[in-house]
Amino acid sequence: MEKDRITGSEALLRTLIAEGVECVFGYPGGQAIPIYDCLYDYRDRLRHVLVRHEQGATHAAQGYARVSGKAGVAIVTSGPGATNTITGIADAMIDSTPIVVITGQVPSPLLGTDAFQEIDMIGIALPITKWAYQVRRAEEIAWAVSRAFYIALSGRPGPVLIDFAKDAQVEMVDYVYQPVRFIRSYQPVPEINPENVAAAAALIDGARKPFAAVGQGVILSGAEKELSAFLEKADIPAGTTMLGLSSMPSDCRLNRGMLGMHGNIGPNRKTNECDVLIAIGMRFDDRVTGDLNTYAPQAKIIHIDIDVSEIGKNVPVDIPLPGDAGEILKALTERVSPARHDTWIASFDGDDQEEEIKVIRKEICPETGPLRMGEVVRKVSEATDHDAVLVTDVGQNQMMAVRYFKYRRTRSLVSSGGLGTMGYGLPAAVGAKLGAPERTVCCFAGDGGLQMTLQELGTVMQERLNLKIILLNNDFLGMVRQWQELFWSERYSFTTMENPDFAAIARAYQLGARTVSRREELDDAIREMLDYDGGFLLVAHVEKSGKVYPMVPAGKSLNDMIVE
């Protein structure tokens with residue numbers, strides 16, 4: 001095979017291209033200058049997006065990965081540049097998001113000397129990555145980068161970090177692309193146990209009240225069609241975790257809503273009534289289960305997950321089904337008998353009606369008073385024909401957005417689930433728009449979270465992104481305020497916020513902007529935002545004391561939901 005003699009930096013870029021990378025997010029610095037110098041000559045082959053903070057690079061890479069199904073890539077320098085990526089890496093680890101983070105590092109002879117901007121990134125990153133590796137020689141680059149993409153994307157996806165010593169970046173190497181598609185000690189997808197599949201099918205066939213809890217694993221495995229076929233044949237109602245929401249269209253007959261702390265009444269209550277619970281690509285997070293001692297005690301539990309360590313970790317399982325969700329669902333669909341569970345499915349209707357009357361109408365159809373978060377969310381969803389990508393920050397804005405936005409197709413929700421990272425929304429929306437440029441991307445944020453990464457409006461400006469940002473501004477750290485009101489005797493300790501003129505800030509970044517506080521203005525403002533050719537910030541002043549209901553208090557049973 002013919003070899004080219006090139007620098008380590010060029011070897012890195014060539015390998016990124018060979019792995020299908022088209023876009024990277026980054027911020028240059030001293031120990032990454034050779035990479036960036038090489039990027040100058042690759043501008044027509046690799047789009048580099050200059051973020052305004054390294055944390056923004058990792059969140060943008062996450063947003064890109066979540067909508068595209070590809071690995072997102074971030075490139076930063078050493079020291080504080082590298083440590084600024086830690087939150088995004090940890091977020092990606094918990095939410096199974098494939099990203100490859102490349103950090104510059106001091107030259108190899110200086111390692112361990114406390115050199116300027118030297119930090120032990122491998123030691124820091126090991127607990128929050130699938131793999132972390134330090135490149136000290138240029139000859140390792142092609143292998144290490146390809147291995148990083150294989151690990152990040154295979155099995156349960158997640159983040160990988162490559163720490164890149166500066167001398168390896170400038171060292172010459174005879175370059176040959178070395179694709180990695182197998183690692184001897186690494187089995188990303190467990191083999192399916194046919195006996196357990198048969199046992200699960202028999203259990204499902206005998207169920208009178210089966211229920212499916214659907215997580216993001218369905219989306220990550222591309223198993224949406226297999227899920228639909230399985231649920232339809234066995235006539236099983238389903239609830240989804242937050243990150244699993246767009247795995248089924250919102251108007252699907254068997255989609256009964258969201259599970260968890262701020263989920264819908266029906267699927268939460270029915271979890272504790274079903275006789276067989278089929279968990280598919282979800283990890284029984286505490287925000288979904290509430291008190292584990294009272295979680296589905298009456299049900300036989302089948303757990304489908306690609307990560308063997310998740311099965312039985314939180315909830316005892318009667319039939320474990322480790323493996324790829326799509327393959328297992330296909331095998332189950334072949335084995336189960338056609339069924340009808342009309343009475344069981346109809347029993348959800350009463351819960352739905354209760355929630356409609358006590359919660360939903362009050363939130364999306366108020367006749368008087370200040371604007372409410374839910375009505376703003378629902379109107380934006382309707383104005384986009386329920387076909388936009390929803391990106392959220394974290395807090396009340398997040399819960400309201402995921403509850404009242406609707407979904408037509410998969411990979412339509414980008415949100416920080418397991419880590420709950422405030423500041424996630426705006427940079428993740430940048431990545432989402434670049435990962436799905438043909439789709440409308442709507443980013444909902446609160447005044448607290450937006451200000452944590454507000455500087456990324458500069459990235460929206462420089463990249464000329466047609467991104468729609470909706471700020472639900474209640475001048476509070478709303479979710480903490482809600483907890484203080486309900487559980488801490490209304491002692492509002494440091495949750496009130498004095499905020500700037502957000503619209504003026506957006507205009508300073510050459511974005512369109514409008515502020516609304518009256519219900520009569522809302523439809524026109526949303527239309528102006530969506531018709532605007534470019535980035536736009538819509539600031540909606542909403543009720544200060546609004547609360548997200550239903551709510552399962554932390555550590556309580558799903559049966560202890562607060563409805564109003």
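A quick note: this is a predicted structure, and the numbers were derived from the prediction, not measured.

So, how was this worked out
Residues numbered from 1 in each chain as written. Predicted model: local features only at pLDDT ≥ 70, side-chain atom pairs only at ≥ 80, totals over all residues. Heavy atoms only, no water. Helix = DSSP H or I, 4+ residues; strand = E, 2+ residues; numbered from the N terminus. Rg over C-alpha atoms; globule rule 2.2 N^0.38 Å. Phe/Tyr/Trp six-rings, centres within 6.5 Å; stacked < 30°, edge-to-face > 60°. Buried < 20%, exposed > 50% of the residue type's maximum accessible area, 1.4 Å probe, protein only. Lys NZ or Arg CZ within 6 Å of the ring centre and 35° of its normal.

Draft legend 1. Highlighting the overall build of the protein. Of the regular secondary structure elements, the protein holds 24 helices and 20 strands. Scaling as 2.2 N^0.38, a compact globule of 564 residues should have a C-alpha radius of gyration of about 24 Å, and the protein matches this with 24 Å.

Draft legend 2. Region of the structure containing unusual backbone geometry. In this chain, Tyr549 is followed by Pro550 through a cis amide linkage whose omega measures -5°. Secondary-structure assignment places Pro550 in the segment after strand S20 (536-541). Look at Gln117: it is not a glycine, yet its phi comes out positive at around 60°. Here Gln117 shows up in the loop between strand S5 (99-105) and helix H6 (121-125).

Draft legend 3. View of the packing of aromatic side chains. Counted according to the given criterion, the structure contains 13 aromatic pairs. Ring plane angle 20° and centroid distance 5.2 Å describe the contact between Trp131 and Tyr133, whose orientation is recorded as stacked. Accessibility assignment for this pair places Trp131 and Tyr133 in one class, buried. An angle of 75° between the planes, with centres 5.8 Å apart, marks the rings of Phe284 and Tyr295 as edge-to-face. Note that Phe284 is positioned in the loop between strand S12 (276-280) and helix H13 (286-289) and Tyr295 in the loop between H13 and strand S13 (300-305), a separation of eleven residues in sequence. For the residue pair Phe284 and Tyr295, the accessibility class agrees, reading buried in each case. A connected cluster of aromatic rings, assembled from ring pairs, spans Trp131, Tyr133 and Trp143. In this structure, Arg43 packs its charged tip against the face of Tyr40, placed 3.8 Å from the ring centre. Directly above the ring of Phe348 sits Lys270, whose terminal nitrogen or CZ lies 5.8 Å from the centroid.

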